[in-house]
Amino acid sequence: MGHSAAIWDCRAATEIAKDWNGMDQVVLRSPQGASARVSLHGGQVNSWRNEHGEELLFTSSKAIFKPPKAMRGGIPICFPQFGNCGSLEQHGFARNKIWTVDDNPPPLHPNDSKGKSFIDLLLKPSEDDLKCWPHSFEFRLRVSLATDGDLTLISRVRNVNGKPFTFSFAYHTYLLVSDISEVRIEGLETLDYLDNLCERERFTEQEDAVTFESEVDRVYLSSPNAIAVLDHEKKRTYVIRKDGLQDTVVWNPWEKKSKAMVDFGDEEYKQMLCVDGAAIEKPITLKPGEEWTGRLQLSVVPSSFCSEHLGL
């Protein structure tokens, strides 16, 4: 781009373009060459690339990009329900709606915009949404890309209703990995988790790290705010930092379930892993006028960084 970081024009680093399906998407760029793409369909980040142009998020080759179908990959936003543990469609409706650009959002802390390219999006319920979930809300999402390529998502949900409401939430983050059998997660050891493969029965993690030899579908409870996903083959580590999100979902469908999903390749489970910052076990309750904030920050470091460096 020819700009130094000192004079980097964050607004010039943000543009709105069309995806191949004609849907508006926002492209964010950093001065070092990292980028992110955010679709107005679902407010969904569907690409995050490092300064070398390498994609860091998984998207299925069979993903369906047509509203109202949610896209398989990137970072879908699960709101106001995670999974099928409620009366709504799987993972709620936010990921299937068309969001708008929020030109005048309530201010965030200056650190959340300084030196970053970012976009603010807004979702309000439609009349159809209110029929199936009768609560008025304003959901504001900021997606930002820092000069070092870190990706941050900040969700703010405000109750503009006359009565309290409760919701669950997740950033359903599809990480691209080289070989799932060579991946390990650090930071979840000794924690209790709900196993969705055993009717949400509660277990305690016994291993030093979470590794993968078969299907995994778990909600780790009261998880730390920093988690590391180590990809041995790539010699890189995804660092996931979260705030306002007590739980961590870990999911890989493995072979049998992959073949049963129409929007997922039979062998693609080997190249993906979902690790979600989430609020599931203890849903969020907002009184009228109250606001909740949930933050996710993703960064990539060489795997020579050990856990102590990451604050795990």
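Residues numbered from 1 in each chain as written. Predicted model: local features only at pLDDT ≥ 70, side-chain atom pairs only at ≥ 80, totals over all residues. Heavy atoms only, no water.

## Some words on the overall build of the chain
Across its full length, the chain carries three helices and 20 strands. A total of 312 residues make up the chain; the buried ones form 55% of that total. The long-range fraction of contacts in the chain, counting pairs at least 24 apart against all pairs at least 6 apart in sequence, stands at 65%. For the chain, the accessible area works out to roughly 14100 Å², and carbon and sulfur atoms hold 48% of it. (Helix = DSSP H or I, 4+ residues; strand = E, 2+ residues; numbered from the N terminus. Buried < 20%, exposed > 50% of the residue type's maximum accessible area, 1.4 Å probe, protein only. Contact = heavy atoms within 4.5 Å. Areas by Shrake-Rupley, 256 points an atom, 1.4 Å probe, with all protein chains shown as cover.)

## Some thoughts on the pattern of salt bridges
According to the stated counting rule, one finds 18 salt bridges in the structure shown. In this structure, the salt-bridge partner of Arg-29 is Glu-15, at a minimum N-O distance of 2.5 Å. With Arg-29 in strand E2 (residues 24-29) and Glu-15 in strand E1 (residues 14-18), the pair connects residues that are 14 residues apart, well separated along the chain. Classification of Arg-29 by relative accessible area gives partly exposed; the value is 28%. Among the ionic pairs, Asp-192 bridges to Arg-202, the shortest N-O distance being 3.1 Å. Of this pair, Asp-192 sits in strand E13 (residues 192-195) while Arg-202 sits in strand E14 (residues 201-204); the two residues are ten residues apart in sequence, bridging distant segments of the chain. What makes Asp-192 partly exposed here is its relative accessible area of 27%. (Salt bridge = Lys/Arg side-chain N within 4 Å of Asp/Glu carboxyl O.)

## Observations regarding the nonpolar core
Within the largest apolar cluster, 67 residues are counted, with the highest numbers of intra-cluster contacts made by Phe-79, Phe-139, Leu-151, Phe-167, Ile-185 and Phe-212. At seven residues, strand E19 (residues 272-286) tops the list of elements feeding residues into this core. Beyond its immediate chain neighbours, meaning those up to four positions away, Phe-139 contacts Ile-77, Phe-79, Trp-99, Leu-121, Leu-122, Leu-123, Ser-155, Arg-156, Val-157 and Phe-169. Ranked by size, the runner-up nonpolar core spans nine residues in total, among them Leu-194, Val-219, Leu-221 and Val-249. (Core = buried A, V, L, I, M, F, W, Y, C linked by side-chain atoms within 4.5 Å.)

## Some details on the UniProt feature "binding site: substrate" (unreviewed entry) in the chain
Per the UniProt entry, the sites bearing "binding site: substrate" (unreviewed entry) are Arg-72, Gln-90 and Arg-95 in this numbering. Tracing the chain through its elements places Arg-72 in the loop between strand E4 (44-49) and strand E5 (77-78). (UniProt positions renumbered as here; feature names shortened; annotations may be inferred.)

## Looking at the state of the cysteines
Per the counting criterion, the structure on display carries zero disulfides. Looking at the unpaired Cys-78, the closest cysteine sulfur is the one in Cys-274, lying at 9.0 Å. (Disulfide = S-S within 2.5 Å.)

## Notes on the environment of Gly-244
Relative to the elements of secondary structure, Gly-244 occurs in the loop between strand E17 (236-243) and strand E18 (247-252). Residue classification places Gly-244 among the partly exposed positions, given a relative accessible area of 31%. Once the C-alpha coordinates of Gly-244 and Trp-292 are considered, the two residues, 48 residues apart in sequence, prove to be 8.0 Å apart. Dropping the residues within four chain positions of it, Gly-244 is found in contact with Trp-292 and Thr-293.

## Side note on unusual backbone geometry
A cis amide bond links Phe-79 to the next residue, Pro-80, at an omega of 0 degrees. Not every positive phi belongs to a glycine, and Glu-199 is a case in point at roughly 55 degrees. Inspection of the secondary structure puts Glu-199 in the loop between E13 and E14. The backbone of Lys-235 shows a phi angle near 55 degrees, a positive value even though the residue is not glycine. Within the secondary structure, Lys-235 is located in the loop between strand E16 (226-231) and E17.

## Re the environment of Ala-278
Structurally, Ala-278 can be placed in strand E19. Once the C-alpha coordinates of Ala-278 and Ser-168 are considered, the two residues, 110 residues apart in sequence, prove to be 7.8 Å apart.

## Quick word on the sheet that holds strand E3 (residues 35-39)
Across the sheet, four strands lie side by side as E1-E2-E3-E4; this open sheet has antiparallel pairing. Two strands lie at the open edges of the sheet, namely E1 and E4, each paired on one side alone. Neighbour to neighbour, the strand axes of the sheet diverge by 25 degrees on average, direction disregarded. Relative to E3, E2 runs antiparallel, the two sharing five bridges. The residue of E3 that forms the bridge with Leu-28 is Ala-36. (Pairing = 2+ DSSP bridges. Axes fitted to C-alpha atoms, helices over the stretch in contact; angles between N-to-C directions.)

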